[in-house]
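Here is how the chains run, residue by residue.
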Amino acid sequence: MSTRSSRELGTVAPRPDLISEQGRRNFRERLLGCLGGPWPEPCDLRPQTHKVVEKSGYRIEWVSYEAEPGDRVPALLLVPDGVTGGHPAPAIAVWHQHNGQWHLGKSEPAGLAGDPMHHTGVAMVQEGYVVLCPDALCFEERMSAHLRNGDYERFEFLRYVVCGKSLAWKNILDMRRAIDYLCIRPEVRADRLGCYGHSMGSTHTWLLGPWEDRLKCLVGNCCLPTYGAIHRHHLLHCFPNFIPGLMQYGDTADVAALTAPKPFLLNFGGRDEGSPITEVREAIARIAEVYRAMGVPENFRAYIEEESGHVLSLGMWQEARCWFARHLG
């Protein structure tokens, strides 16, 4: 019988074998089990368009589709002028941030609310991409009529846990359905799909990476808290970062590394207290090692802006723009 105390449990995650194909397969299977098990067969999307508004150089469509039967996801689709079924364009899905602002979801990246720093969907559509901005569960139109703000998010996290799943499992399922939706749009080149997210949206990006091979490139901005960092620095993070049981097999950097060999950019601020930079550097080295082992070191890049915090700086955005242009252009 182990003599380790409860306070010693989970202080250091084991390092799974991600170099060999069999090792990656084994960890992926364990990850899926911790997340909540196999994904259900996709239901009919039952897509709907509710409203269309013309903007300067693009239009915004208020759309929705079903992630699961009876679970309709509201989203905003931004389409550049001149992009049609006859002249389709690459597309980028944008996963919004958390920031304790449950009333904001899709509307912030779509440029309709929130901080102009994060009006990234508008910036992307102005560069010629079709952009999809969905609401994550518990945000904006997916808030509860019974529980407010963080109480509803906590309720959903715990509801999934007692059902043997995790909120991360649900987030990944919803994001895969967002990619399904992009693929049925005639304006979209289904062979040129990417995704971007800041903060919680970055967590969503590296959560999705191992499970979505239709993505040709991914960009995450300012969020890769390892469990080692969370425990050492006593950090409180949003619920998608917590995958029950995972630390007996590996850490969040190992999850992110399963994105390989897909092109993957991660941006960080050296002064971001939510992703302590010492552990971030260790995570970057781990991910880069896997990309080298797969023979595509050029497909992973990490950009650290030493004097920045938890922001989307001009330098970070330039990195993202160049990454998308290189891999989706």
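The rules behind the values
Residues numbered from 1 in each chain as written. Predicted model: local features only at pLDDT ≥ 70, side-chain atom pairs only at ≥ 80, totals over all residues. Heavy atoms only, no water. Helix = DSSP H or I, 4+ residues; strand = E, 2+ residues; numbered from the N terminus. Expected span 1.5 Å × (residues − 1). Buried < 20%, exposed > 50% of the residue type's maximum accessible area, 1.4 Å probe, protein only. Arc of directions from axis to C-beta. Contact = heavy atoms within 4.5 Å. Phe/Tyr/Trp six-rings, centres within 6.5 Å; stacked < 30°, edge-to-face > 60°. Lys NZ or Arg CZ within 6 Å of the ring centre and 35° of its normal. 1 Å grid on protein atoms, 1.4 Å probe; cavity = no way out; pocket = protein on both sides within 12 Å on 5 of 7 lines; lining within 4 Å. Points joined across faces, edges and corners; volume = space filled by probe spheres on them. Nonpolar A, V, L, I, M, F, W, Y, C, P; charged D, E, K, R; others polar.

Asks: Describe helix 9 (residues 314–328), naming the residues involved and giving the relevant values.
Replies: Given a rise of 1.5 Å per residue, 15 residues ought to cover 21 Å, and the 21 Å separating the end C-alpha atoms of helix 9 matches this to within 8%. Taken residue by residue, helix 9 has Met316, Trp317, Glu319, Ala320, Trp323, Phe324, His327 and Leu328 as its buried positions. Considered in projection along helix 9, the buried side chains sweep an arc of 155° and stay on one side of the axis. More than 90 degrees from the buried face of helix 9, the exposed residues found are Leu314 and Arg326. Looking at the packing, one finds that the buried side of helix 9 touches strand 4 (89–95), helix 2 (120–125), strand 6 (188–198), strand 7 (215–221), strand 8 (264–269) and strand 9 (300–305).

Asks: So what's going on with the packing of aromatic side chains? Which residues, and what values?
Replies: For the structure on display, the rule yields 10 aromatic pairs. Between tryptophan 39 and tryptophan 169 the ring centres are 5.5 Å apart and the planes differ by 20°, which places this aromatic pair in the stacked class. With a gap of 130 residues between them, tryptophan 39 in the loop between helix 1 (21–35) and strand 1 (48–55) and tryptophan 169 in helix 4 (residues 167–184) connect regions that are remote in the sequence. There is no split in this pair, since tryptophan 39 and tryptophan 169 are both buried. Among the aromatic residues, ring-to-ring pairing joins Trp39, Trp169 and Trp211 into one connected group. Here the basic side chain of lysine 51 rests over the ring of tryptophan 62, its NZ or CZ set 4.2 Å away from the ring centre. Note that lysine 165 overlies the ring of tryptophan 169, its terminal NZ or CZ placed 4.2 Å from the centroid.

Asks: So what's going on with the layout of surface pockets? Residues and values would help.
Replies: Taken as a whole, the largest pocket encloses approximately 330 Å³ of empty space. What lines the largest pocket is a set of 18 residues, and nearest its centre among them are Ala13, Thr226, Asp251, Ala253 and Glu282. Of all the elements, helix 8 (residues 277–293) adds the most residues to the lining of the largest pocket, at 6 residues. Taken together, the residues of the lining of the largest pocket sort by class into 7 nonpolar, 3 polar and 8 charged. Empty space within the second largest pocket amounts to approximately 250 Å³. Taken together, Glu21, Arg24, Arg25, Arg28, Pro210, Asp213, Leu258, Ala260, Pro261, Lys262 and Met294 make up the lining of the second largest pocket. Taken together, the residues of the lining of the second largest pocket sort by class into 5 nonpolar, no polar and 6 charged.

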